[in-house]
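# Secondary and tertiary structure notes
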Amino acid sequence: MKRETLFLKVVIFLMVIPVLAVCIFVLPELSSFVAEIMPKFAYLQYPFLIAMFATAVTYIVALYQALRLLNYIDKNIAFSELSVKALKNIKYCGITISSLYLVCMPILFYMAEVDDAPGLAGIGLVIMFGSIVIAVFAAVLQKLLKNAIDIKTENDLTV
């Protein structure tokens, strides 16, 4: 394992730990809170919980793809179709997280209104827009990497 990517790999592992903690300790409580504040819509408790768990799984998949990308860099195969595929998967994960939060935003807005916590809705918006930014950035990197691979292939064929 190279020193250049070791720090980034450790950071990726450290990014997974809080998400797992939130999934284990916070989400079940938050889901029951949804049922408490909206008794008429208590059935939304489980779709909300499923959407939040799906968001966490998608986030972990994106981090795994970033870890794979770092492994490709370690193996000196960063300019390969495998890297393009990893970036494409990260892009799709960002889009999926944004979509899931977009679906859950009405519940989050209502929870923020009932609990008088405007930050809750703001956090949802920040996560949604942050994942859109990551998806756009991954798409740009994917396009640049694809162009670099095409140029490299063309130069290899020329020589």
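For clarity, every value in this text was computed on a predicted model and none was experimentally measured.

The number of helices and strands found in the protein chain is 4 helices and 0 strands. For the protein chain, the sequential pattern of α-helices and β-strands runs α-α-α-α. At 20 Å, the protein chain has a C-alpha radius of gyration far larger than the 15 Å of a compact globule built from 159 residues. Its C-alpha atoms give the protein chain principal-axis dimensions of about 70 × 30 × 25 Å.

Let's shift gears to the nonpolar core. Counting 20 residues, the largest nonpolar core has V34, F48, M52, Y101, I107 and M111 as the members making the most contacts within it. Mapped by element, the contributors of at least two residues to this core are α1 (3-37), α2 (45-74) and α3 (81-115). Ranked by residues supplied to this core, first place goes to α3 with 8 residues. What M111 contacts, discounting residues up to four positions off in sequence, is L30, F33, V34, I37, F48 and L120. L69, Y72, L87 and L145 belong to the second-largest nonpolar core, a separate cluster that totals 7 residues.

So, about the layout of surface pockets. Taken as a whole, the largest pocket spans an internal volume of roughly 970 Å³. Taken together, 38 residues line the largest pocket, and the ones lying closest to its centre are V19, Y59, I97, I127 and I134. Secondary-structure elements contributing two or more residues to the lining of the largest pocket are α1, α2, α3 and α4 (118-158). Sort the elements by how many residues they give to the lining of the largest pocket and α1 lands first, with 11 residues. A breakdown of the residues in the lining of the largest pocket according to their chemical character gives 33 nonpolar, 5 polar and no charged.

Of note, T55 is situated in helix α2. The exposure class of T55 is buried, given its relative accessible area of 7%. Not counting residues within four places of it along the chain, the set of residues in contact with T55 comprises I97, L100 and Y101.

As for its position among the elements, K91 is in helix α3. Buried charge K91 goes without a salt bridge, the closest partner of opposite sign being E81 at 12 Å.

Each full turn of the α-helix corresponds to 3.6 residues, which orients residues three or four apart in the same direction. With 35 residues, α1 extends 50 Å from end C-alpha to end C-alpha; this agrees with the ideal 51 Å at 1.5 Å per step. A bend of about 45° at V26 is the largest found in α1, and the proline P28 appears one to four places after it. Among all positions of α1, only T5, K9, I12, V16, V19, C23, L27, S31, V34, A35 and I37 are buried.

Okay, the pattern of salt bridges next. This structure, assessed with the given rule, holds 2 salt bridges. For K9, the salt bridge identified is with D74, shortest N-O distance 2.6 Å. Residue K9 is found in helix α1, and its partner D74 is found in helix α2; the two are separated by 65 residues along the sequence. Owing to a relative accessible area of 6%, K9 belongs among the buried residues under this scheme.

Scoring rules and cut-offs
- Residues numbered from 1 in each chain as written.
- Predicted model: local features only at pLDDT ≥ 70, side-chain atom pairs only at ≥ 80, totals over all residues.
- Heavy atoms only, no water.
- Helix = DSSP H or I, 4+ residues; strand = E, 2+ residues; numbered from the N terminus.
- Rg over C-alpha atoms; globule rule 2.2 N^0.38 Å.
- Core = buried A, V, L, I, M, F, W, Y, C linked by side-chain atoms within 4.5 Å.
- Buried < 20%, exposed > 50% of the residue type's maximum accessible area, 1.4 Å probe, protein only.
- Contact = heavy atoms within 4.5 Å.
- 1 Å grid on protein atoms, 1.4 Å probe; cavity = no way out; pocket = protein on both sides within 12 Å on 5 of 7 lines; lining within 4 Å.
- Points joined across faces, edges and corners; volume = space filled by probe spheres on them.
- Nonpolar A, V, L, I, M, F, W, Y, C, P; charged D, E, K, R; others polar.
- Lys, Arg positive; Asp, Glu negative; His and termini not counted.
- Salt bridge = Lys/Arg side-chain N within 4 Å of Asp/Glu carboxyl O.
- Expected span 1.5 Å × (residues − 1).
- Bend = angle between axes of the 7 residues up to and from the residue.

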